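# Observations on the three-dimensional arrangement
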Amino acid sequence: MIKELQLRVSIREEKKEGILDIKAASFLGIDKKEINAVKILRKSIDARKKLIMFNYKVAVYIQELPPETSDYKFDYKDVSSAKEIHIIGFGPAGMYAALRCIELGYKPIVLERGKDVQNRRRDLKAINQDHFVNEDSNYCFGEGGAGTYSDGKLYTRSLKRGDVRRIFENLVYHGATDQILVDAHPHIGTNKLPKVVTNIRETILKYGGEVHFETKVVDFVVIDKKIKAIHLKNGAEMTVNAVILATGHSARDVYELLHDKNIALKAKSFAMGVRVEHPQQIIDSIQYHCQDERNELLPAAAYSLVHQVKDRGVYSFCMCPGGFIVPAATANGEVVVNGMSPSKRNNEFANSGIVVEIDVEKDIPKYNDFGVLKGLEFQKDLEKLAFNAGGRSQVAPAQRLTDFVEGRLSNDLNPTSYQPGLKSAPLHSLLPKMIGGRLRKGFAAFGQKMNGFYTDQANVIGVESRTSSPVNIPRKENLSHPEVEGLYPCGEGGGYAGGIISAAMDGERCAEAAIENL
Ligand SMILES: Cc1cc2nc3c(=O)[nH]c(=O)nc-3n(C[C@H](O)[C@H](O)[C@H](O)COP(=O)(O)OP(=O)(O)OC[C@H]3O[C@@H](n4cnc5c(N)ncnc54)[C@H](O)[C@@H]3O)c2cc1C
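This is a predicted model, so every value here is computed, not measured. (Residues numbered from 1 in each chain as written. Predicted model: local features only at pLDDT ≥ 70, side-chain atom pairs only at ≥ 80, totals over all residues. Heavy atoms only, no water.)

Looking now at the site of the ligand. Neighbouring the ligand are 37 residues; E112, A146, K153, E492 and I500 lie closest to it. Within the contact set of the ligand, an oxygen atom lies 3.2 Å away from a backbone nitrogen or oxygen of G499. Contact with the protein chains hides 95% of the accessible area of the ligand, taken as 1000 Å² for the molecule alone. Those elements giving two or more residues to the shell around the ligand turn out to be α3 (92-103), β16 (337-340), α13 (491-494) and α14 (500-516). The class makeup of the residues in the shell around the ligand is 17 nonpolar, 14 polar and six charged. (Near = heavy atom within 4 Å. Polar contact = N/O pair within 3.5 Å; in protein donor to acceptor, adjacent residues only side chain to side chain. Areas by Shrake-Rupley, 256 points an atom, 1.4 Å probe, with all protein chains shown as cover. Helix = DSSP H or I, 4+ residues; strand = E, 2+ residues; numbered from the N terminus. Nonpolar A, V, L, I, M, F, W, Y, C, P; charged D, E, K, R; others polar.)

Pasting the structure below:
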């Protein structure tokens, strides 16, 4: 017999060996010996009160053994001589599109402008230390896409769009910890992601798919409203049956190419702002109600904040407890910040994007001349502004949080995890008012919601501009572009995903659609 239960365990009890068996037996009024196993289905932390509790959802196996294998099987076929599907981009969307093609008996040919994870590291070092951005290999471009040197948080709100569990199980199949299957806020960590991504590539190659690095797609050949071929930067042409376009939201040249070819695009609303960085200890003490260090059983604390200011949401985005702020620019001449954390989340800082919703139809009239690319141009300008304010390198402009809100330049800044360094700059007056003004009000409100958040020990760092795509590449019901049969806009770049899991799910859907429509 299997019984599902909710159990609550205090921090003191958590340390006790076999506590879940003891609690389950007592709850069910049975002898502990009758329980063969207690399998954790979900684990979360309830830190609303001073006495912090762990909430468990468990399956109790009474006089019965739990199954040894997962319900999810990945039946990869030899596709070496199967019909081809071309996939542009090897981020989460492209990787999961390729894996799905193999399951369905089709050969994925993946074309990725960046390098494999190993070689990509050198270019990340160059950004951090020499302030040089390789425009094809950086925190956004290369094997695994923006997902590899990302934070690896696996939350998604797209529960209705597909089988989220399937993606999680597949990540575990490729080497991620099975803890992600139970944690309420699953996280892999930037140190573990490269191995998972490499394993995914190896599966693709083992079953006969192809992955080509440093292979940039620069043009599409469309004849009679159907995609027929693609051109590579090295001059080669490839004939194609179907193309999954999974190039992410930082591939501005792809949007520009489509626009130049008169292939329909739409402007899309998005969000922009800054990244705020606190000592992790401050966030821990607020969230866990503790004076000093957090309890060793507790992970670095996170937060999620939202406030409405003048009809626009101001909210925390991609919060990274125990993490680092990284330079996520994809070209020289721009500064873009983002965040990541290692699996242990043991760095001394907590950072989060704090961003403002931008209604692309109402908020940036000055950019209307750019048509569907107006959001993109606005984004570019803000990144250039950050580059100039930081001193024309990857040094980012920053201000103490209290100085930003109260409108004065900071004489000095707090320590930071951002490797290229910070320069004091008057972000409060540099940012467009519709962003800066709302952020200042939002931060003040967050200080009311989280006592201690509003502090001069935090820095505000600019700019957090790549939250989601400012452009949507339309698709019709069969997921193909309405004007180009066989071209499947996919993942975050198409405007169909907002993170690793939703991008992976969209990759699977596009692969299924491309195959069905062949
Ligand atoms: C620092 C950082 C931290 C993040 N943290 C998280 C997190 O914790 N959780 C989360 O869910 N999300 C996070 N994200 C966002 C997440 O990484 C993206 O949502 C996700 O990677 C989008 O997947 P995608 O496959 O659609 O596109 P991408 O991952 O952007 O992949 C697109 C790929 O296409 C390639 N490409 C582009 N143009 C071409 C071309 N012309 N020819 C060939 N290849 C091309 C690029 O090189 C890239 O590899 C983070 C992002 C960053 C940068």
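The structure having been displayed, the exposition proceeds.
With antiparallel pairing, three strands are arranged side by side in an open sheet as β7-β8-β9. What marks the edges here is a single partner per strand, and that holds for β7 (217-223) and β9 (237-239). On average, adjacent strands in this sheet sit at an angle of 25° to one another, irrespective of strand direction. As judged from the six bridges shared by β7 and strand β8 (residues 226-232), these two strands associate in the antiparallel manner. Across the sheet, residue V221 finds its bridge partner in β8, namely A229. (Pairing = 2+ DSSP bridges. Axes fitted to C-alpha atoms, helices over the stretch in contact; angles between N-to-C directions.)

Bringing the side chain of T455 into the picture now. Looking at the element boundaries, T455 is found in the loop between α12 (433-449) and β20 (459-464). A polar contact is formed between the side chain of T455 and the backbone nitrogen of Q457, at a distance of 2.9 Å.

According to the stated counting rule, one finds twelve aromatic pairs in the structure shown. Ring centres 6.0 Å apart and planes at 85° place the aromatic pair F404 and F443 in the edge-to-face group. Separated by 39 residues along the polypeptide, F404 in helix α10 (residues 401-406) and F443 in helix α12 bring together distant segments of the chain. Pair check on accessibility: F404 and F443 agree, each one buried. Look at F446 and F453: their rings are 6.1 Å apart centre to centre, the planes differ by 85°, and that puts the pair in the edge-to-face class. (Phe/Tyr/Trp six-rings, centres within 6.5 Å; stacked < 30°, edge-to-face > 60°. Buried < 20%, exposed > 50% of the residue type's maximum accessible area, 1.4 Å probe, protein only.)

With respect to burial, strand β12 (residues 270-279) is a largely interior element, nine of its ten residues being buried. Where β12 lies against strand β17 (residues 349-358), ten bridges are found, and the strand directions are antiparallel. Looking across to β17, one finds that R275 is bridged to G353. Looking at chain direction, β12 and β20 are connected through five bridges and run antiparallel. Bridged to E277 within β20 is N459.

Within the element layout of this structure, Q399 appears in strand β18 (residues 396-400). Here Q399 falls in the buried class, since its relative accessible area comes to 0%. For the pair formed by Q399 and I364, sequence separation is 35 residues and the distance between their alpha carbons is 25 Å. Look past the residues within four positions of Q399 in its chain and what remains in contact with it is F404, R408, L409, S410, L413, A425, P426, L427, H428, A458, N459 and V460. Separated by 2.7 Å, the side chains of Q399 and H428 make a polar contact. (Contact = heavy atoms within 4.5 Å.)

Purely geometric stuff here, so don't read any function into it on its own.
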